[in-house]
Structures are given as structure tokens and as C-alpha cells.
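Architecture and fold: a report
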Amino acid sequence: LPQFNTPDPRFGMSDISPAIIPFAANIGGTCLGGYATGYPTPDRVIALDMAGMECSAAAIARQLAATYPLKEAMQAKPSPKSAAGKPVLGEPKSAAPDTSFRGPTAVAAPGSDVDRVGQQILSAVAGRSAQQALDGGAPKDNPFELDADPLLLAARVYFIADAGDGHPLEPSELSIFPDYVTPGAKFTPSDKTPPIMPFAFNRGGVCFGGYVTGYPVPDKVFALDMHGRTCSARTVDEVMAVEYASRAGRDAGSPVPSGGPAAGQPAGASAAGATDETVFDGVTATDHDLERIAYGAYAGAYNQALKHGNFFSSGDLNYAALRSAMRNALEKEGYGAANVETSPAASVAAAKACATDGRIGVRVAFNSNGIGISVVAVSAKRLSAYEYFPEQGSDLVITHAADCLGPGSAAVPTGEGGSSDTRAR
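Basis of the calculations
Residues numbered from 1 in each chain as written. Predicted model: local features only at pLDDT ≥ 70, side-chain atom pairs only at ≥ 80, totals over all residues. Heavy atoms only, no water. Helix = DSSP H or I, 4+ residues; strand = E, 2+ residues; numbered from the N terminus. Contact = heavy atoms within 4.5 Å. Expected span 1.5 Å × (residues − 1). Buried < 20%, exposed > 50% of the residue type's maximum accessible area, 1.4 Å probe, protein only. Pairing = 2+ DSSP bridges. Axes fitted to C-alpha atoms, helices over the stretch in contact; angles between N-to-C directions. Parallel < 35°, antiparallel > 145°, perpendicular 65-115°, else oblique. Left-handed = near helix turned anticlockwise from the far one by under 90°. Nonpolar A, V, L, I, M, F, W, Y, C, P; charged D, E, K, R; others polar. Polar contact = N/O pair within 3.5 Å; in protein donor to acceptor, adjacent residues only side chain to side chain. Disulfide = S-S within 2.5 Å.

**Observations concerning the side chain of R292**
Turning to its location among the elements, R292 is positioned in helix α7 (residues 287–306). Dropping the residues within four chain positions of it, R292 is found in contact with D113, V206, F208, E333 and Y335.

Here it is in C-alpha cells:
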């Protein structure tokens, strides 16, 4: 679309809602898309992940139009965390977040969902410390002047939510504290307790959380296990406050000692006995891992089905091609070691049977002549599943975590809002 206009005529051109020139190309069956933008002169090109999207410039314009009304929320709202130097602790809609620190966070796997968002933040950081950014005239509540648009595109969600109230994010929402201070602004910035920029997003009912950190310059991206926790940036911030307190050997609510970080932390000691959890080995998986694997594999299968008349299995789409798409999707998410079975399961129950080979498996069972599918990630004891039964309705049946089926089991685990499937036993 060669005209240099905003994605929707309702928006006036500004540095917050600049005009765009969207473009797309189909090369050998692969869709490439992006747009040129800038205000008042177009001066940069942003690539867009076209997976699952219509391959057209108009589709890009429609997606960007959904983000423009929310950009001011990122640019204009003061960060609740840094207001008056302390966090705003509004009560969440549900129970208070679980702020226990379950082992160290892991460095985000390169190319993973959390890493993509973190890399967008680091791109805006551009090798500067927060003080250098402030000295250049940036606002204190958003020193690196983060823009909502690239973050939403990296997370593949559409809406910015207020991070301060801690309310659980709805699907397609992202929250972030764009200021750069220590968790809850309670700690003295140092190598041991560096500032963080926590964020979380909900995509397809799965929560992703992480933070950017580094002292004095942000330079690393960490992922946090969000399974069983309230999906919000505030949760990430509070969990890290607990971890920072444990590093300093004091409670999270204690004041910062006048002499800086608390005494008693051995020089050069590692953070809470940190271990390397960055590599998925295909043998050990938490419930959260299984859910990420099931979601990633389903997303890969879904994108293939979109290209083949919305069929997961047909004369035009064989299982080998579907399996390849699932494997590629898992590789991008850091779960390439998961064993995607070389042939589909004979039934839903067979797909949900406990793994017996010591590996984390991904199994597929088709229904409704290839229009429906069950994608199951399974270990020796547990499973997670994303399932579509078109005869039951258009909603996905999601089993976030459940026991897998042992020998002789007669019941098929059900997902949220789903019912037992008795057709494919």
C-alpha cells in the first residue's frame, strides 16, 4: 500500500502514531511482511511475523490499527511501580500472586517468546545506562522511551494493560514496568541486585514472563516460570523482590541498609545458588514446560492447517509435513529436543498415554476427518493438551496440566470447559 498514511484514518500522524507503508510478498509459499514507518519522515523498516496471518499489506495495516490506540498507554502513563519511589500494590481480582522463588530464573532461550520481547527492549536501550538516558532528557518513568508497537509485535499480542494493579492479563494482553529500578524500588542497584524491567504477556491462554536486567547497562534477558502464578508484570517484579531479599539475607520488606547492600553476601557468590536451566534436554519437563510444548506444537500445526483449507490432515497435507511444522515451531521456542512422534496416535486415549521411553513426547490424534486435532505433550506422569473438536464447538479444549493415562485407564483428561471425549477410544 504505497500511500504513507496511519493504519486507520481515525489516527492523526504523530511520533506516537506514525504513518506506515505496509508491504507483503509470497515467495515460494512463504509470506514475508513488514512496513516502513517514522514521523514525519519514514526512516526505519520493521519486519512482521506473518505466521497465521493473511499474506497481504492490508492484513498488516489491520493488525497495526489494533495497537495504535494503546500506544499512549505506554508513552504517557507514569509507571505505577516508581510512583513516590515505591510500588503500587492494588489487590488483584484473584488470589494474591504466588511470589515464591522456584529456583533461579533461566536466561531466556535465544529466539524464544520472552527473548524476542527482551531483545526489542535491549534495542531501545542501545547500550545506554538509565542515567545516561535520563541525562539525555528521557522521562523517568520510561527512560528508554519504549514504544508499544514493537513490543506487541514481538509478543504477538495486541493490547497494553496497566501493570500496576496486578490484575491477571487477559489473552492478547501485555504489561510492563518501563522504568528501570530494582524490584519494588526496594534495593540499592548493584551487580548483585541490578535494576530490572519486568514484563508479562498472555498469548492463547499461556502466560509468558521475564525481565531485562544488567548493571549499570541493561544487557540480559531472563525468563521466569509463570505456571500457577498470576499473569502480570507485577508478579514478575514481586517474585524477583523475594529473590533479591534472599540474596541479601533479609526479608523483602526490610529497608535498604545505609551502607548499601546487606552485609553477609560473600564476594562473588552466585545468585541463590543459580543453576543453568537454559537448555531443555528432552527428558525432564515441568508442567509449565509441557504446556509450552503443547501450545508450540499446536501453533505449528495450526499455521499449516491455515495453508491447507483449515484441515490438519488431508490429501493436501500429510502427517510428515505437519510434524515438520510442529518441530520447527518447537525449535523456535527452545523445545526442539521434544520427541514429536513419527506417526499419529490411533486415538485420543493413546495420545494421552504416559510416555514409557524416558523422553518428553508430542503426540497427535485427528478427529472429524482431519478438521479436528488433539496435540498432547506427555511425560512419564503428566501431560498438557491443546485440542479442537469441531463437532463440539469452535473453542479449544485446553488441559494445562493433568496426570497422563496409565495402563488400563478408562477416562480421558478434559481441558477447561471441555467434556470427556468418548468418541475416539
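Picking up where we left off.
**Digging into helix α3 (residues 113–125)**
Look at α3: 19 Å from first C-alpha to last across 13 residues, which is about the 18 Å you get at 1.5 Å a residue. All buried positions along α3 are accounted for by D113, V114, D115, R116, V117, G118, I121, L122 and V125. A126 lies just past α3 and shows a positive phi near 55 degrees.

**Describing the sheet that holds strand β11 (residues 361–367)**
Spatially, β10-β11-β12-β13-β14 is the arrangement adopted by the five strands of the open sheet, whose pairing is mixed. Both outer strands of the open sheet, β10 (339–340) and β14 (397–403), are each paired with one neighbouring strand and no more. Sheet topology note: the β10/β11 ladder contains two bridges and is parallel. Note on β11: the bridge partner recorded for V340 is V362.

**Notes on the pairing of strand β2 (residues 30–38)**
On a regular strand, each side chain points to the face opposite its neighbour's, so the side chains alternate between the two faces of the sheet. Bridging between strand β1 (residues 19–27) and β2 involves nine bridges; their strand directions are antiparallel. Residue pairing for β2: A24 is matched across the bridge by G33. Where β2 folds back onto strand β3 (residues 44–48) in an antiparallel hairpin, the turn is made up of five residues.

**Some remarks on the sheet that holds strand β4 (residues 106–107)**
Reading across the sheet, the six strands line up as β4-β9-β8-β7-β6-β5 and stay open at both edges, with mixed pairing between neighbours. Because the sheet does not close on itself, it has two edges, and the strands there are β4 and β5 (159–160). Note that strand β6 (residues 173–176) and strand β7 (residues 196–203) share four bridges and pair antiparallel. Its bridge partner being in β7, I176 is matched across the sheet by F199. Taken strand by strand, α7 contacts β7 and β8 (206–213), and its axis lies near 110 degrees from that of β8.

**Comments concerning the packing of α7 against helix α8 (residues 319–332)**
The N-to-C vectors of α7 and α8 enclose an angle of 130 degrees; their axes lie 8 Å apart at closest approach. Here α7 is positioned oblique relative to α8, judged by the angle of their axes. When you trace α7 past α8, the crossing you get is right-handed. The residues of α8 that touch α7, namely those facing I293, G296, A297, G300, A301 and Q304, are A321, L322, A325, M326, A329 and L330. Taken together, the residues that form the contact of α7 with α8 break down as nine nonpolar, three polar and no charged.

**Regarding the side chain of E387**
Here E387 shows up in strand β13 (residues 382–388). On the basis of relative accessibility, which here comes to 2%, the residue E387 falls in the buried class. A polar side-chain atom of E387 sits 2.9 Å from a polar atom in the side chain of K352. Residues within four places of E387 in sequence aside, it is in contact with V348, K352, I373, S374, D395, L396, V397 and T399.

**Section: unusual backbone geometry**
Here the amide bond leading from Y39 into P40 is cis, since omega sits at -5 degrees, within 30 degrees of zero. In this fold, P40 is placed in the loop between β2 and β3. Here the bond from Y215 into P216 is cis, since omega is -5 degrees, no more than 30 degrees from zero. Summarising the element assignment, P216 is placed in the loop between β8 and β9 (220–224). The phi dihedral of A126 is positive, around 55 degrees, even though this residue is not glycine.

**A closer look at the state of the cysteines**
The tally for this structure, following the rule as stated, stands at three disulfides. Between C31 and C55 runs a disulfide, and the two sulfur atoms are separated by 2.1 Å. Taking the sign of the torsion about the S-S bond as the criterion, the disulfide between C31 and C55, at about 90 degrees, is right-handed. Here C31 is found in strand β2, whereas its partner C55 is found in the loop between β3 and α1 (57–67), with 24 residues between them in sequence. Residue pairing for C207: its cysteine sulfur links by disulfide to C231, the two sulfurs lying 2.2 Å apart. On the sign convention where negative is left-handed, the bridge of C207 and C231, at about 90 degrees about the S-S bond, is right-handed. Of this pair, C207 sits in strand β8 while C231 sits in the loop between β9 and α6 (233–248), and the two are 24 residues apart along the sequence. Take C207: its relative accessible area is 12%, and that puts it in the buried class. Counting only the cysteines that form disulfides, in the order they appear in the protein chain, gives the pairing 1-2, 3-4, 5-6.

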